[in-house]
Amino acid sequence: MSLLDSTERTSARTLWRGGRVLSPTHPAATALLTDGDRIAWIGDETDAPAAGRTVDLEGGLAAPAFVDSHVHLTGTGAALIGLHLAGLPSAAVVLERVDSFAASLPADGIVLAHGWDETAWDDPAPLTSEALGKAAGGRLAYLSRTCGHTGVAAPRLLAEHPELAALDGYDPSGLLTRAAHRAARATLNAAVPLSQRLAIAQAGLTHAASLGIAAIAEMAIPNDADPLTEAEFSGLVKLGREPGNPAVYGWWGELRATEKARDLGAHGSGGDLSADGSLGARTAFLRTPYADEDTLGAQYLTASDVAAHLRDAHRFGLSAAFHAIGDGAIAAVLDGLDRVEAEIGLDAVRHARHRIEHAELLDAQLIARMVHHGVHASVQPAFDAAWGGPDGMYAARLGRDRALAANPLSRLAGVGVPLAFGSDSPVTALDPWGGVRAAVRHWNPVSRLPMAAAFAAATRGGWRALGIDDSGSLVPNTRANFTVWDLTGTGLPDLSDPDAPEPECRLTVAEGSLVYTRA
Ligand SMILES: [Zn+2]
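Cut-offs used in this document
Residues numbered from 1 in each chain as written. Predicted model: local features only at pLDDT ≥ 70, side-chain atom pairs only at ≥ 80, totals over all residues. Heavy atoms only, no water. Core = buried A, V, L, I, M, F, W, Y, C linked by side-chain atoms within 4.5 Å. Buried < 20%, exposed > 50% of the residue type's maximum accessible area, 1.4 Å probe, protein only. Helix = DSSP H or I, 4+ residues; strand = E, 2+ residues; numbered from the N terminus. Domains from an automatic or database assignment. Contact = heavy atoms within 4.5 Å. Donors = N, O, S within 2.8 Å, 3.2 Å for Na, K, Ca; no water. Tetrahedral: all angles 85-135°; square planar, octahedral: opposite > 155°, others 65-115°. Salt bridge = Lys/Arg side-chain N within 4 Å of Asp/Glu carboxyl O. Buried area = accessible area lost by both parts, 1.4 Å probe. Axes fitted to C-alpha atoms, helices over the stretch in contact; angles between N-to-C directions. Parallel < 35°, antiparallel > 145°, perpendicular 65-115°, else oblique. Left-handed = near helix turned anticlockwise from the far one by under 90°. Nonpolar A, V, L, I, M, F, W, Y, C, P; charged D, E, K, R; others polar. Polar contact = N/O pair within 3.5 Å; in protein donor to acceptor, adjacent residues only side chain to side chain. Pairing = 2+ DSSP bridges.

1. Focus: the nonpolar core
Judged by nonpolar contacts, the single largest core of 63 residues is most densely connected at Met370 and Phe421. A per-element tally of this core places helix H11 (residues 327-344) first, with seven residues. Taken domain by domain, this core gets at least three of its residues from each of domain 1 (3-64 + 478-517) and domain 3 (194-464). Every residue in contact with Met370, bar those within four places of it in the chain, is listed here: Leu334, Ile356, Leu362, Val375, His376, Ala377, Leu412 and Val417. If you look at the next biggest cluster of nonpolar residues, it comprises 23 residues, including Leu95, Ala102, Leu127 and Val152.

As structure tokens, this is what we get:
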């Protein structure tokens, strides 16, 4: 090896020293060395190989980085940096906010916001179309009221979309209701330019990095009414390849469209490909009726749809994932897996690591069938924290017993269903420690996971559910995805203690590059 070679080798290396490393192979380590995107060495820093760069961990704990296994990135960013009108005291203040928000947009940017409520204003002056158009700097603009059934359109929106005038609920003043309101919102949603969408998504990704997340699974929902839905998806996947960002693994939620998904840059086929709906809307598909309405919910995919999607996924070599919340929907997915197993064999099915997203209502038999097919469960413990328990929304929909049996995390893990945690952000916030806490403090004590198992599901489990086996544990010769936490103890905090604070993130490393460092 020439001197030049070894100098180049050294300069690609970074020594992260002066902390502790949560490593199964090197429990006493104080340092780790990364070489490009890999962990090359872990140990006592006095033995460390030469490196071109050194980063002081200042006593913090380096641990495997989080993976959020179910995210809607653009919606996540919009919740963070979008224009929010709820609680504002007058039309004048609403217009001030619109003015400063619009100033941050390019000329072709769209102003689309929600939440104004004139009943809470201390000044009776109404929000007018003219004033909105001016505040938005002449951009296309629509502000919907808090109720979600009416809104105010800027003059340019009315002028450029004369078809709105033919709809029920249209008013030339620009105050729209009913069909005209819905059409105005849908029109503007689809008109948000790609650059604006990706800037919004970038805000979500930057926030994820600050929470110790090194990778997310983007669960795209195709929308025929939106001409940019495919370009947006490909753009999100590309954002995740930029060295300063967490990785983005895209799932394209269209039935039997694996070839297209692959061409768009997808990692997986399906994802939020809905076998059913949600418990809140009583559209999760159940085998026994809801407690508060005589319905089984909605079945969006039959077993033969699922089998057809699986065949398509196998043909083009991607894993498949299905959104299935109710036991009826989960049974339909498993029935589809049975059919495909009969055609291509169990090994091929298991090898593909198909996923069920949400997997909230399932009994021992369904769990056993998931084990049989090697299906990974991509679950959201924060759903249980928000809606579970004896008196929550799930109890209203399902009755107390079924609500307490929902999200049986320990039962799944106990028999070998691999778990991956996610937030479904913006449905619940990006908050990986919050998800871990929700899992160790499940409403139902028998469903609680131990701390180490919950942390593994929020880290390693996310990689496994992506088919990636060389990440998620800090050991040499694996991908360098780690987070350094303000933790002075010897290991992870015990979040089953309600008073234990969630650790603060100092820095996040994704595929060897620093994606977040605390100022
Ligand atoms: Zn989702």
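2. Topic: the coordination of the zinc ion
Any two of four tetrahedral donors ideally make an angle of 109.5 degrees at the metal, while pairs among six octahedral donors ideally make 90 or 180 degrees. Those protein atoms acting as donors to the zinc ion are His70 (NE2), His72 (NE2), Asp272 (OD) and Asp424 (OD), and they sit at 2.1 to 2.3 Å. Classification of the site at the zinc ion as irregular follows from its four donor atoms and the range of 81 to 165° in their angles at the metal. Counting gaps between the donor residues of the zinc ion yields the pattern H-x1-H-x199-D-x151-D. With Asp272 in strand E14 (residues 268-274) and Asp424 in the loop between strand E18 (419-421) and helix H18 (432-440), the pair connects residues that are 152 residues apart, well separated along the chain. For Asp272, a relative accessible area of 7% gives the class buried. Given a relative accessible area of 7%, Asp424 falls into the buried group.

3. Quick word on the pattern of salt bridges
Per the counting criterion, the structure on display carries 29 salt bridges. The salt bridge involving Arg369 is made with Asp338; its shortest N-O contact spans 2.8 Å. Residue Arg369 is found in helix H13 (residues 364-373), and its partner Asp338 is found in helix H11; the two are separated by 31 residues along the sequence. Under the relative-accessibility criterion, Asp338 is labelled partly exposed at 31%. Arg506 is the partner of Asp486 in a salt bridge, and the nearest nitrogen-oxygen pair spans 2.3 Å. Of the two residues, Asp486 is situated in the loop between strand E20 (482-485) and strand E21 (505-510) and Arg506 in strand E21; the sequence distance between them amounts to 20 residues.

4. Observations regarding the domain arrangement of the protein chain
Domain boundaries in the protein chain define domain 1 (3-64 + 478-517), domain 2 (110-191) and domain 3 (194-464). In this structure, domain 2 and domain 3 have C-alpha centres spaced 35 Å apart. Residue-level contacts link four residues of domain 2 with five residues of domain 3. In total, domain 2 and domain 3 occlude about 270 Å² of area from one another, counting both sides; carbon and sulfur atoms represent 35% of this. Contact with domain 3 buries surface across domain 2, with Ile110, Asn189 and Ala190 losing the most and accounting together for 93% of the total. Where domain 2 packs against domain 3, one counts zero salt bridges.

5. Looking at the packing of helix H10 (residues 303-316) against H11
At their nearest, the axes of H10 and H11 sit 7 Å apart, and the two run at 50° to each other. The orientation of H10 with respect to H11, classified from their angle, is oblique. Considering the relative orientation of H10 and H11, their crossing is right-handed. Contacts from Ala303, Ser304, Val306, Ala307, Leu310, Arg311 and His314 in H10 reach Ala332, Val333, Asp335, Gly336, Leu337, Arg339, Val340, Glu343 and Ile344 in H11. Looking at the contact of H10 with H11 residue by residue, the classes come out as nine nonpolar, three polar and four charged.

6. Describing the side chain of Thr14
Mapping Thr14 onto the fold places it in strand E1 (residues 13-17). In this structure Thr14 comes out as buried when scored by relative accessible area, which is 7%. Polar side-chain contacts of Thr14 include one of 3.4 Å to the side chain of Arg53. Residues contacting Thr14, with those up to four places away along its chain left out, are Leu32, Leu33, Thr34, Ala51, Arg53 and Val55.

7. Describing the sheet that holds E14
If you trace the eight strands from one edge of the open sheet to the other, you get E7-E12-E13-E14-E15-E16-E17-E18, paired in parallel fashion. Each end of this open sheet is capped by a strand with a single partner; those strands are strand E7 (66-71) and E18. Ignoring strand direction, the axes of neighbouring strands in this sheet form an average angle of 25°. One ladder, built from six bridges, connects strand E12 (residues 213-220) with strand E13 (residues 247-252); its direction is parallel. Each residue of the ladder has a partner; that of Ile216, found in E13, is Val248. On the sheet, helix H19 (residues 451-458) packs against E7 and E18 and is oriented at approximately 70° with respect to E18.

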